[in-house]
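# Structure assessment
What follows is the residue order along each chain.
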Amino acid sequence: MKSFVFKTLKYSDLERVMEIEKTSFSKNTWEDKKIYKDRIDIFPEGNIGIWVNEVMIGFISSELWEYQEVYDKKRFMLSHNIKDYHNYEGKELYISSFAIDKIYRGSGYGKKIFQTFLDKMVKKYFLKSGILLVSSEWINAKSIYESQEYKVIDSILGFFLNDVQEKFDGVIMRKFF
């Protein structure tokens, strides 16, 4: 595995973000470029590209939320407006999207990138916890989160729809730092 660098996403990176998005997720899960623009505008430090040898191999999008033990499940809707929930004073990191280009999967990048990102964010924002939503179908992604001690706390029945119109549960996972 080659070393990687985090860079704050810029508008000029969005075409590559969309390429990675479309090769990583079902078309029913794709988020619009405008959503990523809003994320960059509102919380640039939490929306980063991952670079290896001047090539973006993936990205992570996140928000800071005020901690609640239980959230209204509507908050996890795809393409929600970051303005509705992001709070720089929040102590819970919500991972809204994490994707690695298919070419770079299976070589250890996902776990290492996710761990490094969490470490940086926890240190910078004095975070207490992290939360995310993952499809029950995405076994490899779930494995990355479990390797970082994220635990299942709830689910949203039939949240994700794959390309052949099969429904899969959304699994809400949380970790206390």
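Our subject is the structure that appears above.
This report concerns the structure included in the present document. Since this is a predicted model, take the numbers as computed values, not measurements. (Residues numbered from 1 in each chain as written. Predicted model: local features only at pLDDT ≥ 70, side-chain atom pairs only at ≥ 80, totals over all residues. Heavy atoms only, no water.)

## Here we look at the pattern of salt bridges
- Under the definition given, this model contains 9 salt bridges.
- Notably, a salt bridge pairs Asp-101 with Arg-16, separated by 2.4 Å at the nearest N-O pair. Of this pair, Asp-101 sits in the loop between β4 (92-100) and α3 (109-125) while Arg-16 sits in helix α1 (residues 14-24), and the two are 85 residues apart along the sequence.
- Of the residues examined, Arg-16 reaches a relative accessible area of 22% and is grouped as partly exposed.
- Three or more residues joined by partner-sharing salt bridges are found here, namely Arg-16, Glu-19 and Asp-101. (Salt bridge = Lys/Arg side-chain N within 4 Å of Asp/Glu carboxyl O. Helix = DSSP H or I, 4+ residues; strand = E, 2+ residues; numbered from the N terminus. Buried < 20%, exposed > 50% of the residue type's maximum accessible area, 1.4 Å probe, protein only.)

## Things to note about the pairing of strand β5 (residues 129-135)
- In terms of burial, β5 is a largely internal element, 7 of the 7 residues being buried.
- Side chains Ser-129, Ile-131, Leu-133 and Ser-135 project from β5 onto one buried face, and the interleaved Gly-130, Leu-132 and Val-134 project onto a second face that is buried too.
- In this structure, β4 lies alongside β5, joined through 4 bridges in parallel fashion. Its bridge partner lying in β5, Leu-93 is registered against Gly-130.
- The β-α-β motif built from β4, the intervening α3 and the parallel element β5 has right-handed crossover chirality.
- In this structure, β5 lies alongside strand β7 (residues 167-176), joined through 7 bridges in antiparallel fashion. Across the sheet, residue Leu-132 finds its bridge partner in β7, namely Met-173. (Pairing = 2+ DSSP bridges. Right-handed = clockwise from strand over helix to strand, strands pointing away.)

## A short note on the sheet that holds β4
- With respect to topology, 7 strands assemble into an open sheet ordered β1-β2-β3-β4-β5-β7-β6, the strand pairing being mixed. Among the strands making up the open sheet, the edge pair consists of β1 (5-8) and β6 (151-161). Averaged over all pairs of adjacent strands, the angle between their axes in this sheet comes to 25°, without regard to strand direction.
- One ladder, built from 7 bridges, connects β6 with β7; its direction is antiparallel. Bridge assignment links Ser-155 to a residue of β7, and that residue is Val-171.
- Relative to strand β3 (residues 55-65), α1 is tilted by about 90°, and along the sheet it contacts β3 and β4.
- Across the face of the sheet, α3 comes into contact with β1, β2 (47-52), β3, β4 and β5 while running at roughly 155° to β4. (Axes fitted to C-alpha atoms, helices over the stretch in contact; angles between N-to-C directions. Contact = heavy atoms within 4.5 Å.)

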